[in-house]
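Structural overview
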Amino acid sequence: LSPDEDGICSGRYFSESGLIGLLEQAAELFSTGGLYETVNEVYKIVIPILEAHRDFRKLTLTHSKLQKAFDSIINKKRMFGTYFRVGFYGSKFGDLDEQEFVYKEPAITKLPEISHRLEGFYGQCFGEDAVEVIKDSAPVDKRKLDPNKAYIQITFVEPYFDEYEMKDRVTYFEKNFNICRFMYTTPFTMDGRPRGELSEQYKRNTILTTMHAFPYIKTRINVIQREEFILTPIEVAIEDMRKKTQELTAATNQEPPDAKMLQMVLQGSVGATVNQGPLEVAQVFLAEIPADPKLYRHHNKLRLCFKEFIMR
């Protein structure tokens, strides 16, 4: 749309050369941002137009840019961002009170970095003594908060995908592009402690859905949906064993082979000095058949996890 002299916006057609120029600018910006896969998608629109005009000079240039983009995909190690869930609590925040956002931070941003930045920013707004960062990720009980303070809860979150999605999200880029669901876990025990013995260690998985998908024109997006799932101790053990097996699989299949990485993974998996490792998991959950018939399915799942783990 372009504004006319009378201030009314009307539709305007771009010339083909103008459209190609805009698309080439977009491709350059995507390339600068390290989103090389999207460069290919842009040129999929440009190439048929250039072919129709037999513009072989521009086709040569376009294909050379595509080659650079594909080379970068193969050879460059990229970090697309780190994500944090930020919750605001307290009447001082006004409309932000009890609102949750997912923040996208550059590359490898540590929790203390974003915590320090937000605490400093809102400290300037409300006064340093009036702002407090909640250190854990447990659900916030507003009744226990000081009404004269502004509270910020910051939690590291990871992109979350259902199993069927993982079939299409194979590459590192696909797992970090067009994402709107994130997950964080909160360990707890029934008596209120965050950590306990294996047999009493529960876990709460919280899945957040944002209003828009990242990457976006803003670096923070509102959370519009929250889902929670409670994992029982044996389910926590199953999840941990699956993670250990995945780590072992990745270490053994790494190209080129990395002996140091493999040694570290093995040490963490089967070392006798490791507390709550696979050996203890087996002794706690697999020593006897569970008395509760509801646990038979989980018991069998854990046995299959160990079978896969030992094979790896």
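In the annotation of an unreviewed UniProt entry, the entry for the protein reads DOCK8 protein, and the organism field reads Prunella fulvescens. Quoted verbatim from the Sequence similarities (unreviewed entry) heading of the UniProt record, the comment on the protein is "Belongs to the DOCK family."

At a minimum axis distance of 8 Å, the contact between helix α1 (residues 16-32) and helix α2 (residues 36-52) shows a crossing angle of 165°. Taken as axis vectors, α1 and α2 run roughly antiparallel relative to one another. The chirality of how α1 crosses α2 is left-handed. Contact residues: Glu-16, Leu-19, Ile-20, Leu-23, Glu-24, Ala-27, Phe-30 and Ser-31 in α1; Tyr-36, Thr-38, Val-39, Val-42, Tyr-43, Ile-45, Val-46, Ile-49 and Leu-50 in α2. In terms of residue class, the contact of α1 with α2 is built from 13 nonpolar, two polar and two charged.

This next bit is on the packing of aromatic side chains. A complete count under the given rule lists 15 aromatic pairs for this structure. Among the aromatic residues, ring-to-ring pairing joins Phe-88, Phe-93, Phe-101, Phe-121, Tyr-122 and Phe-126 into one connected group. Taking the ring centre of Phe-188 as reference, the NZ or CZ of Arg-204 above it sits at 4.6 Å. Above the plane of the ring of Phe-101 lies Arg-220, whose end atom (NZ or CZ) is 4.1 Å from the centre.

Before going further, it helps to examine the domain arrangement of the protein. In terms of domains, the protein is made up of domain 1 (16-75), domain 2 (82-231) and domain 3 (234-311). Relative placement of domain 1 and domain 2: their C-alpha centres are 37 Å apart.

Now for the pairing of strand β3 (residues 82-89). Of all eight residues that make up β3, eight are buried, and the element is covered over most of its length. Of the two faces of β3, the one lined by Thr-82, Phe-84, Val-86 and Phe-88 and the one lined by Tyr-83, Arg-85, Gly-87 and Tyr-89 are each fully buried. Bridge count for β3 against strand β4 (residues 100-105) is six bridges, and the pairing is antiparallel. What sits directly across from Arg-85, in β4, is Val-102. In the sheet, β3 pairs with strand β6 (residues 150-159) via seven bridges, with the strands oriented antiparallel. Its bridge partner being in β6, Val-86 is matched across the sheet by Ile-154.

Looking now at the side chain of Thr-82. Structurally, Thr-82 can be placed in strand β3. A polar contact of 2.2 Å, which involves the side chain of Thr-82, links it to the backbone oxygen of Ala-107. For Thr-82, the contacting residues outside a window of four places in its chain are Tyr-103, Lys-104, Glu-105, Pro-106, Ala-107, Ile-108, Thr-109 and Phe-156.

Rules of the game
- Residues numbered from 1 in each chain as written.
- Predicted model: local features only at pLDDT ≥ 70, side-chain atom pairs only at ≥ 80, totals over all residues.
- Heavy atoms only, no water.
- UniProt positions renumbered as here; feature names shortened; annotations may be inferred.
- Axes fitted to C-alpha atoms, helices over the stretch in contact; angles between N-to-C directions.
- Helix = DSSP H or I, 4+ residues; strand = E, 2+ residues; numbered from the N terminus.
- Parallel < 35°, antiparallel > 145°, perpendicular 65-115°, else oblique.
- Left-handed = near helix turned anticlockwise from the far one by under 90°.
- Contact = heavy atoms within 4.5 Å.
- Nonpolar A, V, L, I, M, F, W, Y, C, P; charged D, E, K, R; others polar.
- Phe/Tyr/Trp six-rings, centres within 6.5 Å; stacked < 30°, edge-to-face > 60°.
- Lys NZ or Arg CZ within 6 Å of the ring centre and 35° of its normal.
- Domains from an automatic or database assignment.
- Buried < 20%, exposed > 50% of the residue type's maximum accessible area, 1.4 Å probe, protein only.
- Pairing = 2+ DSSP bridges.
- Polar contact = N/O pair within 3.5 Å; in protein donor to acceptor, adjacent residues only side chain to side chain.

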